[in-house]
Amino acid sequence: ELAQGQLAMPILRILGQFKSTYIVAEGPEGMHLIDQHTAHERVLFDQLRRDRRKGEVNAQGLLEPVAVQLTPGQESLLEHHIEILQGYGFSLEPFGNRTVLLRSLPAPLASQAPAQSLLDLLDRLEGGELKGYDWEDRILATVACHGAVRAGHDLAPSEMQEMIRLLEATDIPHT
């Protein structure tokens, strides 16, 4: 049952992909254009939040640890929030002057460059764009954004169908 004001996704039939950016679908009221990055970001955000609440964090271990050089601001941020980051799958340990060893990271970031993923996360947490959100949601939003499929990525019909199926199951599929 939906909460008051919450809109369910209609049942959609996938027609294809437009400019490797939008999933084109047909629903009872007409055509739908769904931004594939935003849709995947919503799916990942909800999945990460559910997994965290269950204590089932999905981390990807690295074959070799990666040394990551931090700025003073990144180092300070990491010192104050390392436990929260570890709770999402980042395995970090001090390694000399403003350097940490990264041993694992959240699974959605597995296809990204590990060091850059950590630095991007710290920069985004330090920046002003996510002010007003708590640290947990800042981390979730950043990991979901960086782990989501990008515009320009061709999706197979089965991938589009699965994306829509997962989007329909999210708490807030329209945002």
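Please read these numbers as outputs of a predicted model, since none were measured by experiment.

1. Some details on the sheet that holds strand E4 (residues 59–69)
Thinking step 1. Here three strands make up an open sheet; going across it, the order is E4-E6-E5 and the pairing antiparallel. Either end of the sheet is taken by a strand with one partner, and the two such strands are E4 and strand E5 (91–94). Across the sheet, the mean angle separating the axes of adjacent strands is 15° when strand polarity is ignored.
Thinking step 2. Examined bridge by bridge, E5 and strand E6 (residues 99–106) share four bridges and lie antiparallel to one another. Opposite Ser91, over in E6, you have Ser104 as the bridge partner.

2. A look at the side chain of Asp46
Thinking step 1. With respect to the helices and strands, the residue Asp46 is situated in helix H1 (residues 36–54).
Thinking step 2. Residues within four places of Asp46 in sequence aside, it is in contact with Thr170, Asp171 and Ile172.

3. Regarding unusual backbone geometry
Glycine aside, a negative phi is what most residues show, and trans is what most peptide bonds show.
Thinking step 1. Phi at Lys19 takes a positive value of approximately 50°, unusual for a residue other than glycine.
Thinking step 2. Tracing the backbone through its elements, the reader meets Lys19 in the loop between strand E1 (13–18) and strand E2 (22–27).
Thinking step 3. Its relative accessible area of 64% is what places Lys19 among the exposed residues.
Thinking step 4. Its identity is not glycine, yet Ser20 carries a phi of approximately 50°, on the positive side.
Thinking step 5. With respect to the helices, strands and loops of the structure, Ser20 is situated in the loop between E1 and E2.

4. Observations concerning a nonpolar patch on the surface
Thinking step 1. On the surface, Phe18, Tyr22, Met31 and Leu33 cluster together to form a nonpolar patch covering roughly 420 Å² of accessible area.
Thinking step 2. Within the fold, Phe18 resides in strand E1.
Thinking step 3. Residue Phe18 is classed as partly exposed on the basis of its relative accessible area of 43%.

5. Focus: the nonpolar core
Thinking step 1. Leu85, Phe90 and Leu118 are the most contacted members of the largest nonpolar core, which totals 26 residues.
Thinking step 2. Of all the secondary structure elements, the ones that give two or more residues to this core are H1, helix H2 (72–86), E6, helix H3 (114–126) and helix H4 (135–147).
Thinking step 3. Apart from the residues lying within four places of it in its own chain, the contact partners of Leu118 are Val68, Phe90, Leu92, Val100 and Leu102.
Thinking step 4. One finds Val43, Leu155, Ile164 and Leu167 within the second-largest nonpolar core, a separate group that totals 14 residues.

6. Quick notes on the sheet that holds E1
Thinking step 1. Pairing in this open sheet of three strands is antiparallel, and the strands run E1-E2-E3 from one edge to the other. The strands lining the two open edges of the sheet, one partner per strand, are E1 and strand E3 (30–35). Recorded for the sheet is a direction-independent mean angle of 25° between the axes of neighbouring strands.
Thinking step 2. The pairing of E1 with E2 spans five bridges and is classified as antiparallel. Its bridge partner lying in E2, Ile14 is registered against Ala25.
Thinking step 3. Relative to the sheet, helix H5 (residues 157–168) contacts E1, E2 and E3, its axis offset from that of E1 by approximately 115°.

7. Some points on the environment of Ile164
Thinking step 1. Assignment of secondary structure puts Ile164 in helix H5.
Thinking step 2. Distance in space between the C-alpha atoms of Ile164 and His80 is 38 Å, their sequence separation being 84 residues.
Thinking step 3. Beyond its immediate stretch of four places on either side in the chain, Ile164 contacts Leu12, Ile14, Ile23 and Ile34.

8. Re H2
Thinking step 1. Taking 1.5 Å of rise per residue, 15 residues should cover 21 Å, and H2 covers 20 Å from first to last C-alpha, within 8% of that figure.
Thinking step 2. Residue His80 marks the point of greatest curvature in H2, where the axis turns by about 65°.
Thinking step 3. Taken as a whole, H2 has its buried residues at Gln74, Leu77, Leu78, His81 and Leu85.
Thinking step 4. Looking at the buried residues of H2, the elements they touch are E4, E5, E6, H3 and H4.

About the criteria used
Residues numbered from 1 in each chain as written. Predicted model: local features only at pLDDT ≥ 70, side-chain atom pairs only at ≥ 80, totals over all residues. Heavy atoms only, no water. Pairing = 2+ DSSP bridges. Helix = DSSP H or I, 4+ residues; strand = E, 2+ residues; numbered from the N terminus. Axes fitted to C-alpha atoms, helices over the stretch in contact; angles between N-to-C directions. Contact = heavy atoms within 4.5 Å. Buried < 20%, exposed > 50% of the residue type's maximum accessible area, 1.4 Å probe, protein only. Patch = residues over 30% accessible without salt bridge, like charges linked within 9 Å, V, L, I, M, F, W, Y side chains within 5 Å. Areas by Shrake-Rupley, 256 points an atom, 1.4 Å probe, with all protein chains shown as cover. Salt bridge = Lys/Arg side-chain N within 4 Å of Asp/Glu carboxyl O. Core = buried A, V, L, I, M, F, W, Y, C linked by side-chain atoms within 4.5 Å. Expected span 1.5 Å × (residues − 1). Bend = angle between axes of the 7 residues up to and from the residue.

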